[in-house]
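These are the residues of each chain, in order.
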Amino acid sequence: MSDSAGEASASFVRGALRAGVDTCVYLPDSCLTPIVRAFQRSTNVAMVSCAREDEGVAIAVGLELGGRRAVCLMEASGLGYSGLILARAQAQRTPVMIVASHTRGAGEPFDYHSATALLSEGIFSGLGIPYEIAREGQSLESLVFRVVQTIRGQRTCFGLLIPPYVMMGGQA
């Protein structure tokens, strides 16, 4: 892992821990792997690996209903599988933080992520789920803290999209 990816992932985890996140639900994703590894190094966070994105969102919803605070990490393409459970969570006002890689914005280096990028923002917008796109790794701590504060206070789902360049230490 590069120093930049390490700094960005450490910043993310600091913000999550400060906000009271106690569980990380994740699917393998090359862009978000540094964040998963940083969570794994933390002794304060339970790790839940899952096979499908909709399963991950459902687990995060169940954890919230059971009194836990979870973050769910996935590649944005998996949001397409997660539409129904995200709609249910939003309708019943169950706060869930979804962190996904790839966006329609600048900094996506490969055309094979274009469908993924279209999907992520479309799902969030279509379901009325607020979302933000991270712009730099150093600010992830405060951004993650604010997102968790928002989902808890407004009882809503929230999407945080992290482009690959952010995890590599670049800025918009």
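Counting of residues starts from 1 at the beginning of each chain's written sequence and follows it residue by residue. In keeping with the predicted nature of the model, local features appear solely for residues at pLDDT of at least 70, side-chain atom pairs appear and are counted solely at 80 or more, and the whole-chain, interface and lining totals rest on all residues. Hydrogens and water are ignored here; the side-chain numbers use all heavy atoms of the structure.

Now for the overall build of the protein chain. On a plain count of helices and strands, the protein chain comes out with 7 helices and 6 strands. We count a stretch as a helix when DSSP gives it H or I for four or more residues in a row; a strand needs E for two or more, and each element gets its number in order from the N terminus. Helices (α) and strands (β) of the protein chain occur, in sequence order from the N terminus, as α-β-α-β-α-β-α-β-α-β-α-β-α. A simple rule labels every residue: compare its accessible area, found with a 1.4 Å probe on the protein chains alone, to the largest value its type can have, and call it buried under 20%, exposed over 50%, or partly exposed in between. Evaluated residue by residue, the protein chain yields a buried proportion of 50% over its 172 residues. Across the protein chain, contacts joining residues at least 24 apart in sequence account for 78% of those joining residues at least 6 apart. Note on areas: these come from Shrake-Rupley sampling with a 1.4 Å probe, and a residue is covered only by the protein chains present in the view. Carbon and sulfur atoms make up 51% of the accessible area of the protein chain, which totals about 7600 Å². Note on definitions: a residue-residue contact is assigned when non-hydrogen atoms from the two residues lie within 4.5 Å.

This part covers the pairing of strand β2 (residues 46-49). Each regular strand displays side chains that alternate between the two surfaces of the sheet. Here, strands pair whenever DSSP counts at least two bridges between them. Direction of pairing for strand β1 (residues 23-26) relative to β2: parallel, over a ladder of 4 bridges. Bridge pairing in β2 places Thr-23 opposite Ala-46.

What follows is about the pattern of salt bridges. Salt bridges are counted wherever a side-chain nitrogen of Lys or Arg sits within 4 Å of a carboxyl oxygen of Asp or Glu. For the coordinates displayed, the defined rule picks out 5 salt bridges. Among the ionic pairs, Asp-22 bridges to Arg-68, the shortest N-O distance being 3.0 Å. Remark: Arg-68 occurs in the loop between α3 (53-65) and β3 (70-75) and Asp-22 occurs in the loop between α1 (3-18) and β1; sequence separation between them is 46 residues. A salt bridge links Arg-152 to Glu-64, with the nearest nitrogen and oxygen atoms 2.5 Å apart. Residue Arg-152 is located in helix α6 (residues 140-154), and its partner Glu-64 is located in helix α3; the two are separated by 88 residues in the primary sequence. Owing to a relative accessible area of 10%, Glu-64 belongs among the buried residues under this scheme. The network of salt bridges with shared partners includes Arg-14, Arg-18 and Glu-141.

Relative to the assigned elements, Ser-11 resides in helix α1. Separated by 2.8 Å, the side chain of Ser-11 and the backbone nitrogen of Glu-141 make a polar contact. Not counting residues within four places of it along the chain, the set of residues in contact with Ser-11 comprises Gly-137, Gln-138, Ser-139, Leu-140 and Glu-141. Any pair of nitrogen or oxygen atoms within 3.5 Å is treated as a polar contact; in protein, a donor-acceptor pairing is required on top of that, and neighbouring residues in sequence qualify only through side-chain atoms on both sides.

Take it as geometry only, folks, not as evidence of what the structure does.
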